[in-house]
Amino acid sequence: MTNVTAKNLINGEWVGAQDGAMGTSRNPANQEAIGSFPASGLADAKAAIAAAAAAFELPNWAQNPRLRQLVMLRWADRLEQRAEYLAQLLTRENGKVIAQSRGELIGAVSEIRYYAGLTRYIPGHAFEVEPGVYSTMIKEPAGVAGIIVPWNAPVVLLIRSLTPALCAGCTTVIKPAPQTALITYEVLRDLHEAQGLPPGVLNLVSETGHAVAQELVASPDVSVISFTGSNATGARIMADAAPTMKKLSLELGGKSCCLVFPDADPSVVAPALAQAAVIISGQQCTAARRILVHGSRYDEMKAALTQSFKDLRVGFGEAAGMHMGPLIDTTAVRHVQERVQMALDTCDEVILKGGRLGGDLQAGNFLAPTLVAHRDTGAFFCQEEIFGPFVVLERFEDEKEAVARTNHTEYGLSASVWTNDGARAMRVSRAIRSGTIWINDHNKLFAEAETGGYRKSGIGRLHGYDALVDFLEIKHIYQNAGVV
Ligand code: NAD
């Protein structure tokens with residue numbers, strides 16, 4: 001695969017940063033440079049916002065759902081045709097195993113088609129308030145949407161914000177994560193080339209720092225920010241957006257608990273949870289982080305989980321049959337290693353100690369999984385999102401304790417419940433304060449089903465019809481028509 005030279009897209013033209021600066025993207029499996037992208041600054045951000053604001057004033061996108069549908073369907077077709085190339089590039093830039101990259105592309109194409117359909121069904125309502133007095137409520141696109149994307153699932157997380165924004169009729173400026181600027185560029189190239197997209201509707205500005213993202217958040221010409229990323233950045237965005245009172249969609253961190261009840265079979269649940277923990281090398285917001293097991297099956301589950309983690313294959317993402325690739329960069333490895341070491345020093349029991357891998361994998365950011373057992377849910381490693389392959393095993397004696405342990409968190413993104421007792425599954429799901437609960441599965445996300453966080457895990461929902469809410473305004477038009 002040849003190296004990629006990405007560009008910015010401003011008002012329908014591919015351009016470099018105004019000062020010509022470039023950043024480098026590296027393969028996390030071996031640190032090799034795989035391409036470059038514009039290291040943009042404030043002037044580039046302002047140009048992109050101006051283009052999006054001007055395009056929003058024209059009727060040919062914001063008021064034209066049929067065109068929006070056509071363009072999105074054409075884009076989905078183009079992505080589907082190039083899916084294998086894009087999946088390979090995604091693995092090369094992010095490190096995730098190729099099966100996960102292929103799955104991400106399939107999910108993205110499916111999501112674009114889902115929103116292509118919805119764009120022709122954004123109804124308002126009308127009613128007669130008094131004799132001859134009519135109130136019409138119409139849904140309008142909110143304006144320019146700034147979309148700030150993280151590196152961990154850069155295709156699907158881009159699509160799940162961008163497609164509802166476009167579907168609603170917004171115009172957009174996208175700011176990719178510097179670690180995955182190349183795949184973002186390639187995915188958007190297909191949209192740009194889809195016949196019918198008016199100039200200025202889609203703008204892309206990459207950067208190595210944060211000046212572009214901060215301008216999107218601060219600018220009075222941007223009406224919505226859709227951000228997926230860490231809690232620290234999400235909190236900063238919320239504060240920085242306050243003066244312009246923007247609509248905010250914030251999809252932030254999590255610390256998912258998995259509750260395993262006595263009737264669940266450890267030989268089935270343990271391998272499923274081990275894989276749910278190391279998805280994208282543990283760098284997924286919904287990854288399994290705390291596994292809570294009923295006392296009667298605790299020893300059995302501990303043995304099965306240990307074996308399942310040992311069975312996981314860690315290696316180059318392109319190789320067949322791998323479960324886990326490298327972490328995103330050396331900073332991430334250093335940070336995760338530090339937090340895991342502190343956990344190892346203070347936990348009740350070290351079950352499996354991970355660490356850096358040698359041999360062929362030495363040059364890459366590979367880290368084997370760690371499993372510890374602990375009782376006190378107040379421990380920092382039961383509370384903090386450690387964004388890597390690290391899992392805590394806990395024990396509970398009854399349903400009430402399982403729920404209390406699960407709800408002892410500032411997060412509320414996702415959890416899973418493992419039991420064949422349907423009434424228990426429903427009771428426990430209702431009691432957990434979290435945006436998503438899976439019963440007898442984990443990490444199942446798809447276009448039709450809204451996802452988002454309670455508490456510190458965020459604001460708003462993406463996926464599904466309700467994702468449109470963040471990108472729409474509701475207007476009341478009053479008419480005193482009189483009576484005949
Ligand atoms: P991050 O917050 O460091 O970066 C995310 C994006 O924000 C990047 O594009 C980055 O360049 C940009 N950014 C950084 N500083 C900024 C600032 N001051 N103002 C505006 N933008 C800024 O997050 P990350 O490390 O890239 O991603 C991992 C985090 O994302 C984890 O916490 C994970 O749980 C979370 N996440 C959440 C979901 C979800 O659906 N809730 C999905 C995926 C990832």
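Residues numbered from 1 in each chain as written. Predicted model: local features only at pLDDT ≥ 70, side-chain atom pairs only at ≥ 80, totals over all residues. Heavy atoms only, no water.

Novice: Could you give me a rundown of the overall build of the protein, with the residues and numbers involved?
Specialist: Tallying secondary structure elements over the protein gives 15 helices and 23 strands in all. Expected size for 484 residues packed as a compact globule is a radius of gyration near 23 Å; at 23 Å, the protein falls within 12% of this value. Each of the three principal axes of the protein carries a C-alpha extent, and together these read 75 × 60 × 40 Å. By sequence separation, contacts in the protein at least 24 residues apart represent 73% of the contacts at least 6 residues apart. Put simply, the protein shows about 19200 Å² of open surface, and 53% of that area lies on carbon and sulfur atoms. Side-chain charges in the protein split into 44 positive and 50 negative, and the spacing between the mean points of these groups amounts to 1 Å. (Helix = DSSP H or I, 4+ residues; strand = E, 2+ residues; numbered from the N terminus. Rg over C-alpha atoms; globule rule 2.2 N^0.38 Å. Contact = heavy atoms within 4.5 Å. Areas by Shrake-Rupley, 256 points an atom, 1.4 Å probe, with all protein chains shown as cover. Lys, Arg positive; Asp, Glu negative; His and termini not counted. Charge placed at Lys NZ, Arg CZ, Asp CG, Glu CD.)

Novice: So what about the nonpolar core? Which residues, and what values?
Specialist: Counting residues in each nonpolar core, the largest one holds 64 residues, and the members touching the most others are W75, L162 and I174. Mapped by element, the contributors of at least two residues to this core are β5 (33–38), α3 (65–81), α4 (83–94), α5 (98–118), β8 (144–148), α6 (156–168), α7 (181–192) and β10 (202–204). When neighbours within four sequence positions are excluded, L162 is seen to be in contact with W75, I147, T172, I174, L188, L191 and L202. Membership of the second largest hydrophobic core comes to 27 residues, among which are V278, A288, V391 and L393. (Core = buried A, V, L, I, M, F, W, Y, C linked by side-chain atoms within 4.5 Å. Buried < 20%, exposed > 50% of the residue type's maximum accessible area, 1.4 Å probe, protein only.)

Novice: Account for the sheet that holds strand β21 (residues 436–439), naming residues and giving values.
Specialist: On the basis of which strands lie adjacent, the open sheet formed by seven strands has the order β15-β18-β19-β14-β13-β20-β21 and mixed pairing. Since the sheet does not close on itself, it has two edges, and those belong to β15 (349–352) and β21, each with one partner. With strand direction ignored, the average angle separating the axes of adjacent strands in the sheet is 20°. Pairing of strand β18 (residues 370–373) with strand β19 (residues 390–396) involves four bridges; the strand directions are parallel. Note that in β19 the partner of A373 across the bridge is L393. (Pairing = 2+ DSSP bridges. Axes fitted to C-alpha atoms, helices over the stretch in contact; angles between N-to-C directions.)

Novice: A description of the environment of H463 should follow, citing residues and the corresponding values.
Specialist: Mapped onto the secondary structure, H463 falls in the loop between β22 (458–459) and β23 (472–480). Classification of H463 by relative accessible area gives buried; the value is 5%. Taking the C-alpha atoms as reference points, H463 and H294, separated by 169 residues in sequence, lie 33 Å from one another. Reaching out from H463, the side chain makes a polar contact with the side chain of E111 at a distance of 2.8 Å. (Polar contact = N/O pair within 3.5 Å; in protein donor to acceptor, adjacent residues only side chain to side chain.)

Novice: Mind laying out the site of the ligand, listing which residues take part and the relevant values?
Specialist: Every one of the 28 residues lining the ligand counts as a neighbour, but R160, K175, S230, L252 and E385 are closest to it. A distance of 3.2 Å is found between an oxygen atom of the ligand and a backbone nitrogen or oxygen belonging to G229. The backbone of L252 places a nitrogen or oxygen atom 2.6 Å from a nitrogen atom of the ligand. Surface burial for the ligand is 90%, taken as the share of its 850 Å² of free accessible area covered by protein chains. Secondary structure elements with two or more residues in the shell around the ligand: α6, α8 (211–218), β11 (224–228) and α9 (231–241). Ranked by the residues each element gives to the shell around the ligand, the list is headed by α9, at three residues. A breakdown of the residues in the shell around the ligand according to their chemical character gives 15 nonpolar, eight polar and five charged. (Near = heavy atom within 4 Å. Nonpolar A, V, L, I, M, F, W, Y, C, P; charged D, E, K, R; others polar.)

Novice: Please set out α4 residue by residue, giving values where relevant.
Specialist: For the α-helix, the turn length of 3.6 residues means that residues three or four positions removed from each other point alike. In a regular helix each residue adds 1.5 Å, so 12 residues correspond to 16 Å; α4 covers 16 Å between its end C-alpha atoms and thus fits that length. Buried positions along α4 lie against β1 (4–5), β4 (22–26), β5, α3, α5 and α7. (Expected span 1.5 Å × (residues − 1).)

Novice: Explain the domain arrangement of the protein residue by residue, including any values.
Specialist: Taken domain by domain, the protein consists of domain 1 (4–253 + 457–476) and domain 2 (256–410 + 414–448). Averaged C-alpha coordinates put domain 1 and domain 2 at centres separated by 31 Å. Contact with domain 1, which involves 25 residues of that partner, is made by 28 residues of domain 2. Looking only at domain 1, the three residues that lose the most surface to domain 2 are A29, V97 and W151, adding up to 24% of its buried area. Here domain 1 and domain 2 share eight residue pairs in polar contact (both at pLDDT 80 or more) between them. Elements with a contribution of two residues or more to the side of domain 1 that touches domain 2: α4 and α5. Per-element accounting of the side of domain 1 that touches domain 2 gives the leading share, five residues, to α4. The residue makeup of the side of domain 1 that touches domain 2, split by class, is eight nonpolar, 12 polar and five charged. (Domains from an automatic or database assignment. Buried area = accessible area lost by both parts, 1.4 Å probe.)

Novice: Any chance you could break down the pattern of salt bridges for me, citing the residues and the numbers?
Specialist: Applying the stated rule across the entire model yields 25 salt bridges. E186 serves as the salt-bridge partner of R82, at 3.0 Å between the closest nitrogen and oxygen. Placement of the pair is R82 in the loop between α3 and α4 and E186 in helix α7, with a sequence separation of 104 residues. In this structure E186 comes out as buried when scored by relative accessible area, which is 5%. Two residues, E394 and R290, come together in a salt bridge whose shortest N-O distance is 2.6 Å. Of this pair, E394 sits in strand β19 while R290 sits in strand β14 (residues 288–294); the two residues are 104 residues apart in sequence, bridging distant segments of the chain. Pair check on accessibility: E394 and R290 agree, each one buried. Here the salt bridges share partners, and the residues they tie into one network are R78, R82, E186, R189, D190 and E193. (Salt bridge = Lys/Arg side-chain N within 4 Å of Asp/Glu carboxyl O.)

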